[in-house]
Amino acid sequence: MTLAGAFERLSALGQSSIPWRGAIACILSPALAAIAVIASVAATHAAPPTPVTIAVMYSSDRNRCFTPGVVTSIRHFTAQRAKQINDAGGIAGRPLQIQYFDDFATAQTTSRNVDAALRLPDLIGIVGMSSSTRGQGVVERVGSAGVPWISGMSRGDIYARFPTVFSMEPAVSDEIVAVRRFINAKKFKRPAFIGLDGDIYAASIADAIGGESEANASSGDGDDNANNTASAPLQTHWLKRNADYTLDDDAIEKTVTAIRKARADVVFLAVHSGGGAQFLRKLRKVANPPPAFVVLGRVSRIKRLLASERYPADMFELGREGVPEVYNERLQQRIWKNPNDQWIFDDVRNTKAPASCEKFIDPTPITDVRERKNRRAVGRGAQHGDALMLMAEAAKGAAADSDIAALRKTIAKGLAAHRTGQKMFRGWWQDWSFTQARAVAEQTLLIRQRSDETDITLAPRQYVPRSGDVLDVPVVYTAVDVVRLFRVDSNEKTFMAEFYLSFRTAGDVSLPDIEFTNAFRSPLSNEPVISARRIYAAEDNQGLQLWRITGKFTFDPELADYPFDRQRFSISFQPSKTTEPFFIQPPPTRLRKTEFKTDGWKSESAYVGSDQDIISVVGTRAGDRVILPLDKFNYTWIMKRKATDYYLQVIVPLIVILAVTWLSVFIPSERLESVVAIQVTALLSSIALYLAIPKVDYDRATVSDIVFVVTYTAISVMLGLSILRANLNARDAQRLATTVKIFQLALLPLIVLFMSEFILTQSAGDEASPLRNLLTLLTGSVTTRVL
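Residues numbered from 1 in each chain as written. Predicted model: local features only at pLDDT ≥ 70, side-chain atom pairs only at ≥ 80, totals over all residues. Heavy atoms only, no water.

Asks: Go over the overall build of the chain with me, naming the residues and quoting the values.
Replies: Helices and strands together make up the secondary structure of the chain, namely 20 helices and 28 strands. In the chain, the share of contacts with a sequence separation of at least 24, taken over all contacts with a separation of at least 6, comes to 69%. When the accessible surface of the chain is split by element, carbon and sulfur atoms take 55% of a total near 38,800 Å². (Helix = DSSP H or I, 4+ residues; strand = E, 2+ residues; numbered from the N terminus. Contact = heavy atoms within 4.5 Å. Areas by Shrake-Rupley, 256 points an atom, 1.4 Å probe, with all protein chains shown as cover.)

As C-alpha cells, then:
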C-alpha cells in the first residue's frame, strides 16, 4: 500500500464513530507523516538533477612562464556568473558546472581541448577561444556536433555554415568597412601591407585592402597629392615569426627597402604589437616614413616598446577597447557598488614554470583598478562571463526534462534570436546582439596617434554600420572645467554645478545638439534647469566653442556610510537626436582639472565613462519593433563628504554625554536617585540631539544612526547596572556589587574605544584604525628588537 493510500485509510478511521479507531488514527498519523517526509527527503537526495557543462576556453602565454591576469579574470567572472545562474535555479532546472581549457596559444593543444570538450556527455555549450587561425581547425567538429559556441573568432566566413557558432568579437567584414572608408577619406594611393605569414585574419584584411586598391587603380579616381600619379595595387609582404615572437631582422630590412622604393603612402601592420614595434623601429629611419595603420596590435603598446624612438609619422589603429581615456561606465558602477569583490588581476608567475622562465623578471604589480592593463583583463573576464549568462538566458525556453541535444538546440535558437535591432541582452560588459554574420554587433572605432602629439585619441571621423548603411559619425573633442559643485541635496538627490564646456569637432555640432541626460527637470515646464552662455566660438571648420553652464543635476546617493560617505557626481551627455550621433573624446587625464570649489565636499578622483541607452522604436511595418543603441558619456567626480560639522555637532556632544554617564558611576550607591537622574538625563539628551540634527532619507540605517543606537544602548546598560548595584548593596552583597561597579567602569570606555574605531575607519579608511595602527606599532617594535 502506498503512503497516499495509508493516509486515506487513516482519514476514514479518524472519522469513525468508534473511539478506539479514532485513537489509532491519532497515534499513527504523525508517524506516517514523518515517514512521508523522510521518504521525500531520501528521494530528493537519491536523485539529484544531473548537472550540465559549459566549456570555457582561453589562452595563456605559450612559454607557460606566467598566468596572465586576463586568464585569472576569465576564470573569476565565469565562476561568478555560474554561481549566479545556479542560485537562480540553473539551466532547465539543472546545475551548471564549468570545465576550463587552456590551449597556451598552440593549435595542437586547441584541437586536443576541443576533442576533450566534445567528449563530455553533458556539454551544452562552449565559450571563448580568441583566434580565427586556431579556430579554423576545430570549428567543423564543433559545428557538426551542434554545440552552441560563442567564440572569439572574427573571421565569420570560417563558421558561416554552422548555425550554432557565434562570436563575441566584431566580424572582420565590419572592420573592413571602416578600413575602406578610411582609405578613401585619406585618399591613399600606394598602400603597403605587412602581415604575419599563416595568420588568416591578416590575410582577410589584406584581401580587402587589396581589392579596394585595385578598384581605385582601375577607376583612376583622382591624382596623388605628392606626385600626381594614379593609384597603385596593394604591395603585400608576409613575415614569419620566430619562436620568441620576434620577426627576422633581415626580412624586415628587405621589406623596408621595398616599401621605400615603392614610395608607399601608408603601411598597414598586422604583425601584433611586438612585431609592429620591431618593424617601425626600422621603418622610422626612412626619409619621410609613411603613416602606419595597426590592424592587429595596439598603438599604445607599440609606443611603450619604441620608448624614445618615437615614430615620426601618424599612427592609426582599429580600436577594440573603446574610446581612449574613457572607462566602461557599467563596470565602474559595479566596482563602485561592490568594492570588496576582486577587481585587480595581476600576471602571476607559474609555480611549475620551465627553467627557461628564470630569465624573465616578475611583472610590476597592479595598484589601481583603472590601469589600462587591468581594465583590459577585467573587460575580457566580464565579456566571457556575459557570454555564459547569455547562454543561460537563451536556454530559458527549454523544458525541465530536456535532454542534452534538446538543450543545445534551444540555446542555439535563443542566441540566434538576439539579432541586431530586434533583441538585446544587457550584460556587465556590453549589450549583446548578433549581426547577420552571427558576430557581436559592436562599433569599430578608428584610433589616431598624431606624430606631433603624445596622446592617443579617436580619429575625427568614425564609420559606424547602422541599419544596413554606414554612418559618418563626427567626434566631439570635449573638456569640462568645473568651477564649483554646490547645494548638494541628498534627500532630493540633486546638486548644482557651474562649469565651462569646451568642444571642437569636424562635424556640425553645437550645444543644442547635446543633451544633458541627468539634468534636473522643472516640475512645471519639464525643461532642464540649466542656463548656458556662449563665451567664444571660432569660425573655422573645426573651431572651438566655449560655453559657461550653470545647472541642476541629479545623482543616485549611497548613504549607508553617512556622514562619512563618498558619492558620485556626474554630468552626462548624449546626442539630442538618434539620427545624428557623435562620439565624445575627453582630454588626457593629465590635462583635466581636478581642483574646484565645493561646499562641504572634497574631490578624490575623477574619470570619464561611457554606456548605451537602448531605445525601442516602432518599425516600418505594423507590430515591428526596432532597437536603437544611443551612446552616452559622463564626466564623473568621486567626492567625499566633509564631516567637520558632524564631529562638532554630534561626536563631541556624545563624548561629553558618555563621559558624564561614566563619571556618575563614582557616586555612592546610596545616592541612587542622583545616579539615575544623571543617566536618564544623559539618555534623553542623546535622544534630543538625534532629533535636532539634519537627517538623510534612506531606507537603511546609516553610520550616524548606528552611532546613536550604540550610545542609547550604552547609557541604558549603565542605567540598569546602576540600579542592580544599588539593590546588591541593599542586600549586603558587597562583593557582587563591587564586581558590577568594576564592569561598569570598564564597559563604557570599551564601548567608546570600539565606537571610535568604527567612526575613524568609516571616516578615513582602514589606515586610520587606532587598533590596527597600535598592532602595527607593536609588531614593528618587536621586529626592530629581533633584528
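On we go.
Asks: Just give me the short version of the sheet that holds strand β1 (residues 52-58), but keep the residues and values in it.
Replies: Sheet architecture is open: five strands sit in the order β3-β1-β4-β5-β6, paired in parallel fashion. Looking at which strands have only one partner, the edges of the open sheet turn out to be β3 (96-102) and β6 (165-167). Here the strands of the sheet are splayed against their neighbours by 20° on average, with no regard to which way each runs. For strand β4 (residues 123-128) and strand β5 (residues 149-151), the ladder comprises two bridges, and the chain directions are parallel. Note that in β5 the partner of Ile126 across the bridge is Trp149. The strands touched by helix α4 (residues 107-118) within the sheet are β1, β3 and β4, with β3 carrying the most contacts at an inclination of about 160°. (Pairing = 2+ DSSP bridges. Axes fitted to C-alpha atoms, helices over the stretch in contact; angles between N-to-C directions.)

Asks: So what about the nonpolar core? Which residues, and what values?
Replies: By size, the foremost hydrophobic cluster in this structure holds 66 residues, and its most contacted members are Phe279, Leu280, Leu283, Phe499, Leu501 and Phe516. Looking at this core element by element, the count peaks at seven residues for strand β19 (residues 469-489). Setting aside chain neighbours within four positions, we find Phe499 in contact with Val480, Asp481, Val482, Val483, Phe516, Trp547, Arg548, Ile549, Phe553 and Ile571. Residues Ile91, Ile124, Met391 and Ile404 belong to the second largest nonpolar core, which totals 34 residues. (Core = buried A, V, L, I, M, F, W, Y, C linked by side-chain atoms within 4.5 Å. Buried < 20%, exposed > 50% of the residue type's maximum accessible area, 1.4 Å probe, protein only.)

Asks: Report on the sheet that holds strand β17 (residues 456-458), specifying residues and quantitative values.
Replies: Taken together, seven strands build an open sheet; the order of strands is β8-β7-β9-β10-β11-β16-β17 and the sheet is mixed. Edge positions in the sheet fall to β8 (235-239) and β17, since each of these pairs with one other strand and no more. The sheet shows a mean angle of 25° between the axes of neighbouring strands, taken without regard to direction. In this structure, strand β7 (residues 191-196) lies alongside β8, joined through five bridges in parallel fashion. Directly across from Phe193, in β8, lies its bridge partner Thr236. In this fold helix α8 (residues 172-186) packs onto β9 (266-270), β10 (292-294), β11 (315-319) and β16 (445-449), with an angle of close to 155° to the strand it touches most, β11. Packed onto the sheet, helix α11 (residues 272-283) meets β7, β8, β9, β10 and β11 and runs at close to 150° relative to β9.

Asks: Which residues make up the pairing of strand β20 (residues 494-505), and what values do they have?
Replies: The buried fraction of β20 is high, at ten of twelve residues. Pairing of β19 with β20, which is carried by eleven bridges, proceeds in the antiparallel orientation. Residue Leu485 lies in a different strand from β20, and its bridge partner there is Ala497. Note that β20 and strand β23 (residues 545-554) share ten bridges and pair antiparallel. Considered in β23, the bridge of Thr494 is made with Thr554.

Asks: Describe the packing of helix α17 (residues 672-692) against helix α18 (residues 703-730), with residues and values.
Replies: At a minimum axis distance of 10 Å, the contact between α17 and α18 shows a crossing angle of 170°. Relative to α18, the element α17 lies roughly antiparallel. For the pair α17 and α18, the contacting residues are Leu672, Val675, Val676, Gln679, Val680, Ala682, Leu683, Ser686, Ile687, Leu689 and Tyr690 in the first and Asp705, Phe708, Thr711, Tyr712, Ile715, Ser716, Met718, Leu719, Ser722, Ile723 and Ala726 in the second. In terms of residue class, the contact of α17 with α18 is built from 16 nonpolar, five polar and one charged. (Parallel < 35°, antiparallel > 145°, perpendicular 65-115°, else oblique. Nonpolar A, V, L, I, M, F, W, Y, C, P; charged D, E, K, R; others polar.)

Asks: Quick one: what's the story with helix α12 (residues 299-306), residue by residue and with numbers?
Replies: Those residues of α12 that fall on the buried side of the exposure criterion are Val299, Ser300, Ile302 and Leu306. The buried residues of α12 occupy an angular sector of 160° when projected down its axis, which confines them to one face. Of the surrounding secondary structure, the elements contacted by the buried residues of α12 are α11, β10, β11, α14 (372-394), β16 and β17. Looking one or two residues beyond α12, the residue adopting positive phi is Ala307, at roughly 55°. (Arc of directions from axis to C-beta.)

Asks: Before we move on, can you summarise the pairing of β19 with the specific residues and values?
Replies: Where strand β18 (residues 461-466) meets β19, six bridges bridge the pair, whose relative direction is antiparallel. Its bridge partner lying in β19, Tyr463 is registered against Asp472. As paired elements, β19 and strand β25 (residues 583-585) share three bridges and run parallel to each other. Pairing of Val476 across the sheet is with Ile584, part of β25. Hairpin geometry of β19 and β20 is characterised by an intervening segment of four residues between the two adjacent antiparallel strands and by a positive phi of about 60° at Lys493. Where β19 meets strand β26 (residues 597-598), two bridges bridge the pair, whose relative direction is parallel. The residue of β26 that forms the bridge with Leu485 is Thr598.

Asks: Kindly report on the pattern of salt bridges, identifying the contributing residues and their values.
Replies: On inspection of all chains with the given rule, the structure shows 28 salt bridges. Among the ionic pairs, Asp455 bridges to Arg590, the shortest N-O distance being 2.6 Å. Taken as a pair, Asp455 in the loop between β16 and β17 and Arg590 in the loop between β25 and β26 lie far apart in primary sequence, 135 residues in all. For Asp455, a relative accessible area of 18% puts it in the buried group. Here Lys593 ties to Asp481 by a salt bridge, and the two come within 3.5 Å at their closest N and O atoms. Of the two residues, Lys593 is situated in the loop between β25 and β26 and Asp481 in strand β19; the sequence distance between them amounts to 112 residues. For Lys593, a relative accessible area of 40% translates into the label partly exposed. What you see here is one network of salt bridges that share partners, running through Arg330, Arg426, Asp431 and Asp611. (Salt bridge = Lys/Arg side-chain N within 4 Å of Asp/Glu carboxyl O.)

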